Every structure is written in structure tokens, then in C-alpha cells.
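# Fold and geometry: a report
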Amino acid sequence: MSDDKHLDSLLPPLRLDRRGFMATALATGFAAAAGPVAAQSVIKTSAEGLTAGPVEIPVKDGKMWAYSAAPKDKKHLATVLVVSEIFGVHEYIQDVCRRLAHQGYLAVAPNLFAREGDPSKYTEIARLQAEIIQKVPDADVMSDLDATAKWAAGHGGDADKLGIIGFCWGGRIVWLYSAHNPRLKVGAAFYGPLRGKTDPRLRPHFPIDLAGKLHAPIRGAYGGKDAGITQDDVAAMRAALERGDKAARASVIDVYPNSGHAFHADYRPSYVKEDAEQAWQRALDWFAEHKLK
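Here we come to helix 3 (residues 138–153). When the terminal C-alpha atoms of helix 3 are compared, their 23 Å separation across 16 residues agrees well with the 22 Å that a helix rising 1.5 Å per residue should span. Listed as buried for helix 3 are Asp138, Asp140, Val141, Met142, Asp144, Leu145, Ala147, Thr148, Ala149, Trp151 and Ala152. Contacts made by the buried residues of helix 3 are with strand 1 (50–59), strand 2 (62–71), strand 3 (77–83), strand 4 (106–110), strand 5 (157–167) and helix 4 (169–180).

In C-alpha cells, the structure reads:
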């Protein structure tokens with residue numbers, strides 16, 4: 001099963017200093033690699049009433065930029081880490097942060113590809129995968145998410161109310177982070193790869209390998225027509241969750257039979273409005289059910 005089939009999406013411009021890997025400019029727009037933008041369905045969420053924009057997050061070996069959005073002048077907010085698709089923190093991911101902020105959350109989307117390069121410079125997904133995405137160690141991602149959570153706790157967030165949401169590449173990360181961070185309360189994974197080829201240095205585990213060791217319950221949203229993440233994968237993951245710990249057994253995977261991959265991505269032809277809206281509302285309800293707010 002090809003990992004390329006799992007990983008679809010998009011981003012905007014962003015410049016990096018490889019030695020310090022702090023982006024010098026906030027990404028804007030959408031990335032060329034994802035193809036033409038479906039302008040008629042793109043959701044534009046206002047920043048009115050929010051504090052929203054780029055922030056700088058210290059990490060173990062440098063500084064990483066992120067996009068943050070929160071209700072203006074509010075403190076002790078529940079935090080949601082937002083994990084992007086392979087194209088990074090582009091306009092869609094920034095908009096997701098604003099959507100969450102309007103729900104009362106501090107939402108932060110870190111640039112998790114900063115060490116490897118700038119996804120916005122790529123026009124071909126195959127090259128992007130080979131030259132950036134496949135070089136990102138899971139260990140760095142876990143560490144960077146921990147750093148993002150720490151930053152949020154010092155900038156208006158409540159350290160005891162931590163959630164995570166991710167899309168495509170980021171959906172896989174949601175499952176992994178639940179197994180990594182015992183302080184995580186809840187998560188939502190949109191069509192993240194569940195099993196695949198492991199690598200002892202870069203990707204030692206896929207979600208199915210860690211399904212029995214979750215710290216927080218995850219709600220998954222998967223397309224029934226997704227050719228990359230098959231229904232056999234979903235069935236195997238469900239079975240692994242049923243054999244797992246309390247958080248694993250409390251996890252849920254919803255399948256949307258009429259949707260394929262990336263059905264929540266409103267800027268792409270893959271977008272399915274009805275399913276995207278239902279999956280989004282289910283994620284919000286899931287967060288509330290597990291007392292994130």
C-alpha cells in the first residue's frame with residue numbers, strides 16, 4: 001500500500017532558515033502542488049473578535065513558527081493542537097484554527113516540516129513527499145507538539161485542557177500523539193493513515209501498532225471511497241481499539257460511505273459538504289463530551 005495515496009492536501013509561501021528554521025513570513029494562500037483551488041466551496045472564516053496570526057515557538061533545537069487563533073482577551077482556554085496535511089500551515093489550516101477559536105478554543109497549528117524545508121515551494125506531490133515529508137521523524141513531531149502545548153499553556157491556554165485535531169498526514173499524527181502524551185484529553189483524526197510501511201528511525205509505528213496504548217479517546221473520520229486508506233484498514237484498526245486500554249475502547253471511527261479522501265478539504269474537488277459538516281460537528285461534540293472546554 002503506497003503512503004503517497006494517504007497523503008493529500010496543500011499550503012502557501014513560507015521561508016525558512018535551516019539552521020534556526022524559524023519561518024520569516026506567514027504562509028498565505030494555497031499551494032500549487034494540490035492543483036486548482038475549488039474557489040466555490042472555500043470557507044473563509046473571519047478573524048473578527050479573535051487574536052490570530054503567526055507566533056514563534058521555541059523547540060529543542062531552534063524556533064518554529066505556528067499559526068495561532070483565540071478569542072480576544074480570553075485566558076485559561078482549552079487548547080487544540082491543529083496538525084496539517086503534507087502542505088503545512090496554509091490557508092485551509094489557518095482557517096480551521098479560526099473556526100476553532102470562534103468555538104472558544106486556543107487553536108495552534110505548528111509548522112512541523114520546518115527542519116526539512118518549505119512545502120510551498122513544491123509543485124509536485126511526489127517530490128514533496130520524497131524531499132520533505134518522508135524525511136520527518138515522528139520523534140521530532142512528538143517533541144514539537146509537546147513544545148507547542150507548552151507554549152500554549154503560557155499564552156492563554158489551560159495546560160489541563162489539551163486536545164488535538166489533524167487532517168491526512170496530521171490525522172496519523174493524532175493517533176500517535178494520543179499514545180505519546182498522557183496529558184492529552186481528546187483528539188479527532190480526519191482520514192489519517194492507520195497502517196503502512198514502518199521505518200525504525202523515522203516512522204517506527206503506525207496507529208494500528210499503538211491502538212492499545214492510547215491516553216486519550218480519538219474520533220476518526222474516514223471516507224468509504226478512500227482508495228489509500230481502505231475499509232480493511234479501518235476494520236483492522238477498530239478491532240485493535242477494541243482490544244486496547246480504556247481510551248482505545250472509548251475511541252470511535254466514523255465512516256462516510258459517499259466520501260473519498262480529503263472530504264473535509266473545502267478548497268479541493270474532493271470536498272463533500274454534507275459529510276464535512278457532519279464530521280466537523282461530531283468532532284466539536286466529541287471535544288465537549290470529553291470536557292475539553
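So, about the side chain of Gln94. As for its position among the elements, Gln94 is in helix 1 (residues 91–102). At a separation of 3.0 Å, a polar atom in the side chain of Gln94 contacts the main-chain carbonyl oxygen of Val89.

In terms of nonpolar packing, the biggest core is built from 92 residues, with Val82, Leu100, Leu145, Ile165, Trp169, Trp175 and Tyr191 touching the most fellow members. Among residues more than four places away in sequence, those in contact with Leu145 are Leu81, Val83, Pro110, Leu112, Ile164, Ile173 and Tyr177.

Our next topic: the pattern of salt bridges. Tallied over the full model, the rule gives 16 salt bridges. Linking Asp160 and Arg183 is a salt bridge whose minimum nitrogen-to-oxygen distance equals 2.8 Å. Of the two residues, Asp160 sits in strand 5 while Arg183 sits in the loop between helix 4 and strand 6 (186–190), which places them 23 residues apart along the sequence. For Arg183, a relative accessible area of 45% translates into the label partly exposed. Among the salt bridges present, the one from Asp233 reaches Arg195, with a minimum N-O distance of 2.5 Å. One end of the pair, Asp233, is in helix 6 (residues 231–242); the other, Arg195, is in the loop between strand 6 and helix 5 (207–210), with 38 residues separating them in the sequence. Under the relative-accessibility criterion, Arg195 is labelled partly exposed at 29%.

Reading the values: rules and limits
- Residues numbered from 1 in each chain as written.
- Predicted model: local features only at pLDDT ≥ 70, side-chain atom pairs only at ≥ 80, totals over all residues.
- Heavy atoms only, no water.
- Helix = DSSP H or I, 4+ residues; strand = E, 2+ residues; numbered from the N terminus.
- Expected span 1.5 Å × (residues − 1).
- Buried < 20%, exposed > 50% of the residue type's maximum accessible area, 1.4 Å probe, protein only.
- Contact = heavy atoms within 4.5 Å.
- Polar contact = N/O pair within 3.5 Å; in protein donor to acceptor, adjacent residues only side chain to side chain.
- Core = buried A, V, L, I, M, F, W, Y, C linked by side-chain atoms within 4.5 Å.
- Salt bridge = Lys/Arg side-chain N within 4 Å of Asp/Glu carboxyl O.

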